Amino acid sequence: MSESALFSTYARYPITLVKGKGSRLWDDQGKEYLDFMSGLAVTNLGHVPDTVKQALVKQLDELWHISNLFSNPNGERAARLLVDNSCADAVFFCNSGADANEAAIKLARRYHQKVRGEYRYEIITFNQSFHGRTLATLTATGQDKVKEGFLPLPEGFVHVPLHDVPALESAINDRTAAIMLELVQAEGGVIPVEADFLRAVRELCDKHGLLLIIDEVQTGMGRTGKLFAYQHYDVEPDVFTLAKGIGSGFPVGAMLAKKPYTEGFVPGSHATTFGGTPIAMSVVVATIETMLKENVAEKAAEAAQYLMGELHKHLDGIPGVAGIRGKGLLVGILCDEPAGDAIAELHKRGLLVVPAGPNVIRLLPNLLVTHEEIDEAVGLIAAVLTERAAAKQA
Ligand SMILES: *Cc1c(COP(=O)(O)O)cnc(C)c1O
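The rules behind the values
Residues numbered from 1 in each chain as written. Predicted model: local features only at pLDDT ≥ 70, side-chain atom pairs only at ≥ 80, totals over all residues. Heavy atoms only, no water. Helix = DSSP H or I, 4+ residues; strand = E, 2+ residues; numbered from the N terminus. Rg over C-alpha atoms; globule rule 2.2 N^0.38 Å. Buried < 20%, exposed > 50% of the residue type's maximum accessible area, 1.4 Å probe, protein only. Contact = heavy atoms within 4.5 Å. Areas by Shrake-Rupley, 256 points an atom, 1.4 Å probe, with all protein chains shown as cover. Pairing = 2+ DSSP bridges. Axes fitted to C-alpha atoms, helices over the stretch in contact; angles between N-to-C directions. Near = heavy atom within 4 Å. Polar contact = N/O pair within 3.5 Å; in protein donor to acceptor, adjacent residues only side chain to side chain. Nonpolar A, V, L, I, M, F, W, Y, C, P; charged D, E, K, R; others polar. UniProt positions renumbered as here; feature names shortened; annotations may be inferred. Domains from an automatic or database assignment. Buried area = accessible area lost by both parts, 1.4 Å probe. Salt bridge = Lys/Arg side-chain N within 4 Å of Asp/Glu carboxyl O.

**Q** So what exactly am I meant to see when it comes to the overall build of the protein chain here?
**A** On a plain count of helices and strands, the protein chain comes out with 11 helices and 17 strands. Relative to its length of 394 residues, the protein chain is compact, with a C-alpha radius of gyration of 21 Å against a globular reference of 21 Å. Along the first, second and third principal axes, the C-alpha set of the protein chain runs to 65 × 55 × 45 Å. For the protein chain, the residues scored as buried account for 53% of the 394 residues in total. Taking all contacts inside the protein chain whose residues are at least 6 apart in sequence as the whole, residues at least 24 apart take part in 71%. Roughly 17,900 Å² of accessible area belongs to the protein chain as shown, and the carbon and sulfur atoms make up 54% of that amount.

**Q** What exactly am I supposed to notice about the sheet that holds strand 13 (residues 321-327) here?
**A** As a general point, the strands of a sheet are linked pairwise by backbone hydrogen bonds and lie either parallel or antiparallel. Judged by pairing direction, the sheet is antiparallel, and its four strands sit side by side in the order 13-14-17-16 without closing on themselves. Single-partner strands in this sheet number two, and they are strand 13 and strand 16 (354-356). Sheet twist, expressed as the average angle between the axes of neighbouring strands with direction ignored, equals 30 degrees. Of the strands in this sheet, strand 13, strand 14 (330-335) and strand 17 (360-363) are in contact with helix 9 (residues 296-315), which crosses strand 13 at around 180 degrees.

**Q** Quick question: what am I supposed to make of the site of the ligand here?
**A** In the vicinity of the ligand, the contacting residues are Ser96, Gly97, Ala98, Asn101, Phe130, His131, Gly132, Glu182, Asp215, Val217, Gln218 and Lys244. Take phenylalanine 130: an N or O atom from its main chain is 3.3 Å from a nitrogen atom of the ligand. Calculation on the ligand without its partners gives an accessible area of 380 Å², and the protein chains cover 81% of this total. With three residues, helix 4 (residues 97-115) is the largest single contributor of residues to the shell around the ligand. Classifying every residue of the shell around the ligand by side-chain character gives three nonpolar, six polar and three charged.

**Q** What am I meant to see in the UniProt feature "binding site: pyridoxal 5'-phosphate" (unreviewed entry) in the protein chain here?
**A** Feature annotation in UniProt places "binding site: pyridoxal 5'-phosphate" (unreviewed entry) on Gly97, Ala98, Phe130, Asp215, Glu216, Val217, Gln218 and Thr273, given in this structure's numbering. A maximum C-alpha distance of 25.4 Å is found for the annotated residues, which run over 177 residues; spatially they are spread out rather than grouped. Looking at where alanine 98 falls in the secondary structure, it is placed in helix 4. Excluding residues that lie within four positions of it along the chain, alanine 98 makes contacts with His131, Gly132, Arg133, Thr134 and Thr137. Counting through the fold element by element, threonine 273 comes out in the loop between strand 12 (253-257) and helix 8 (278-293). The exposure class of threonine 273 is exposed, given its relative accessible area of 53%. Not counting chain neighbours up to four residues away, the residues in contact with threonine 273 comprise His65 and Asn68.

**Q** Would you mind going over the domain arrangement of the protein chain with me for this structure?
**A** By a frequent convention, interface size equals the accessible area lost on bringing the separate parts together. On domain assignment, one finds that the protein chain holds domain 1 (17-49 + 295-393) and domain 2 (63-293). Counting from both sides, the interface comprises 30 residues of domain 1 and, opposite them, 29 residues of domain 2. In total, about 2,200 Å² of surface goes out of reach between domain 1 and domain 2, with carbon and sulfur atoms giving 61% of it. Applying the counting criterion to the domain 1 and domain 2 interface returns one salt bridge.

Take a look at the structure:
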């Protein structure tokens with residue numbers, strides 16, 4: 001094969017996938033894989049889901065793109081579905097998770113500066129968090145590795161340790177605009193946020209007049225067993241963001257806010273050429289309608305319970321397995337060494353999984369995964385981790 005003309009921004013796996021359906025993928029050699037990564041939490045309904053495909057094909061015959069200077073019925077419909085099924089009052093559609101988080105950061109700043117007339121701009125985020133790769137969102141991210149070589153970074157981002165209320169409280173000042181967090185730190189190592197901590201974050205936001213922004217880019221769209229992860233907690237965000245699973249593989253992001261924070265944007269405040277196109281919105285409507293009609297989040301919660309039980313049954317006690325954690329079908333197997341070699345071996349045996357942080361094997365099956373597929377995956381993981389433990393002892 002000739003040298004790639006693509007930027008070498010990814011350390012790619014040596015697999016070329018060319019076809020997918022449901023939980024299965026096939027490579028260019030015809031080898032079959034069981035997919036427990038879902039394009040990194042994107043194909044939540046499995047690959048090429050029929051209902052979404054039909055909606056997309058229908059829209060392809062009608063209209064692809066207009067400007068956001070015109071309204072489009074699919075966009076109205078998609079926003080209504082999201083608002084009717086969440087705490088939000090309005091939706092801004094964009095193209096990715098980073099794009100959605102940028103919109104959230106801009107809304108928080110503009111709400112304080114233009115609606116409340118206070119020069120507040122600082123956003124507090126947490127160590128190990130991940131919020132995207134644009135300059136503002138990589139600055140918001142609580143991991144140094146994404147920032148190297150990109151100095152100077154934009155002003156106005158502060159990081160504190162997760163689950164440390166005194167540190168959070170002392171980071172708040174009269175420039176603070178918002179606190180932003182994931183409810184399971186996914187890229188950071190699959191670390192779920194404790195309910196008591198989230199309650200404390202909400203109380204601090206209320207006390208100091210800050211916006212609570214929840215980054216649901218990975219945890220949203222049924223991934224954790226509820227349509228949105230905040231619905232597991234007795235706390236509502238003021239703003240939350242979606243991407244990944246919302247388009248079933250079509251690139252879409254969304255920033256959602258409650259009143260009165262929606263007043264932070266007026267005509268001209270924020271815009272995008274491609275956000276909310278008729279095609280993208282046809283896919284979002286079909287994805288959400290399928291999730292609601294087929295109780296996909298409830299199915300994910302049931303599958304997650306089975307997966308967790310089987311993982312404990314087959315992995316507990318294997319030397320080198322330090323823990324299993326997660327929420328719904330966002331699960332991490334914590335290893336006592338870097339997980340890269342075990343992951344490469346699983347790929348060879350036909351199970352696609354990804355790392356999270358240095359030592360975690362992350363499992364992200366689609367939300368309609370069957371018990372048989374879970375049995376197959378857990379069997380392969382148990383075999384590989386057992387063999388690796390035995391080889392280490394020998
Ligand atoms: C993936 C991810 C992002 C970034 O999304 P992109 O679509 O890659 O820009 C932001 N936040 C979280 C929590 C993510 O998992």
